[in-house]
Amino acid sequence: MRTSDFDFDLPEDRIALRPARPRDSARLLHVGKRGALGDHTMLDLPGLLQPGDLLVLNDTRVIPAALTGERPARDQGGGGPARIEVNLHTRTSADGWRAFARPAKRLREGDVIGFPKGLAATVIGKSEGGEITLQFNASGADLDAALEEAGNPPLPPYIASKRAADDEDRSDYQTLFSDPRKKGSVAAPTAGLHFTERLMSALAARGVEAVHVTLHVGAGTFLPVKTENVAEHTMHAEWYEVSEAAAAAINTAKAEGRRVIPVGTTALRTIESAAATGSVEVGSAETAIFITPGYAFRVTDALITNFHLPKSTLFMLVSALAGLDVMQKAYAHAIANRYRFFSYGDGCLIERA
């Protein structure tokens, strides 16, 4: 397979910069088993599902991982002060994070970056691609609290390049079911952004059940596929956890012939990774699962997701679920009918082929 097989043209004005209000008023494209397409809204979802269907929700919580700081002027002609944009992506210790910095070329090991509210971090390592390793002047829960004060929601690049994050994003970029005890994502599981208390009540009245798993979404979710040969792409790893209750609910649903429907590609990657031996297992681990056409799904029967970037691993995943031809036609329909794309955009309900 070639990466170019998963390309499509997307007009710039189809990229959503704000979510629908209310959230459950977002549009929903239903992609049926044989590629039949139906135009709906998220509030139509209960009627599109069946009593006994089991939704799998990712309850991770997004941290304010976007920081703006300043590197002070260096002595002896080493350069004046520099404004530095930092996006945290992987925690390494109680006081350490790996991050992407811009402009990274203005930083050296040993530099101290000052952030708002007295937060500061020392650069203790530099890697290629603008990646740095930081050691903060706070640790553990104190660092978490400091980030809440000093940081901003880590909006995706295609939004952040067009506008700054603001107070509305602090709530807009969290799902209804994000758990404050499960902080760790540096990007939202965006399919979950469409769900409201009203929609969840309607789903429960329909007889649709729900269960929670956790996957902390990493910044690698936005990294492009740089190889033309899909098989040569290296997938980023992300940490996930499946509780005993979640595993039991999913395995029981499968045994009873009921459908298991993850909400979002992160929930899908979690349950498919946890079911490597056939049934979903309890526990936590890192997954770098890369799902492309030809993958044999172990658990997933359908998927609720957003519209994804051209040539991305996520468009490859939905093409594995429904077929590349079907998804190319579905996306062409969505573009022609002015669906809103990406993190704050509209949704899809995709049936497995």
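Draft legend 1. Region of the structure containing the overall build of the chain. Looking only at helices and strands, the chain features nine helices and 17 strands. The C-alpha radius of gyration of the chain comes to 21 Å, within 12% of the 20 Å expected for a compact globule of 353 residues. Projected onto the principal axes, the alpha-carbon positions of the chain cover approximately 70 × 40 × 40 Å. Taken across its 353 residues, the chain has 53% of its residues classed as buried. Across the chain, the fraction of contacts at a sequence separation of at least 24, relative to all contacts at a separation of at least 6, is 71%.

Draft legend 2. Highlighting the nonpolar core. Counting residues in each nonpolar core, the largest one holds 61 residues, and the members touching the most others are Ile-250, Met-327 and Phe-341. Residues within four places of Met-327 in sequence aside, it is in contact with Val-31, Phe-315, Val-318, Ser-319, Ala-322 and Ile-350. If you look at the next biggest cluster of nonpolar residues, it comprises 27 residues, including Ile-63, Ile-84, Ile-132 and Leu-143.

Draft legend 3. Region of the structure containing the pattern of salt bridges. Using the criterion set out here, one finds 24 salt bridges in the structure. Arg-21 serves as the salt-bridge partner of Glu-168, at 3.5 Å between the closest nitrogen and oxygen. Of this pair, Glu-168 sits in helix α4 (residues 167–172) while Arg-21 is found in the segment before β1 (27–31), placing the two residues 147 residues apart along the sequence. A relative accessible area of 42% places Glu-168 in the partly exposed class. Linked through salt bridges whose partners overlap, the residues forming this network are Arg-18, Arg-21, Arg-163, Asp-166, Glu-168, Asp-169 and Asp-172.

Definitions and cut-offs
- Residues numbered from 1 in each chain as written.
- Predicted model: local features only at pLDDT ≥ 70, side-chain atom pairs only at ≥ 80, totals over all residues.
- Heavy atoms only, no water.
- Helix = DSSP H or I, 4+ residues; strand = E, 2+ residues; numbered from the N terminus.
- Rg over C-alpha atoms; globule rule 2.2 N^0.38 Å.
- Buried < 20%, exposed > 50% of the residue type's maximum accessible area, 1.4 Å probe, protein only.
- Contact = heavy atoms within 4.5 Å.
- Core = buried A, V, L, I, M, F, W, Y, C linked by side-chain atoms within 4.5 Å.
- Salt bridge = Lys/Arg side-chain N within 4 Å of Asp/Glu carboxyl O.

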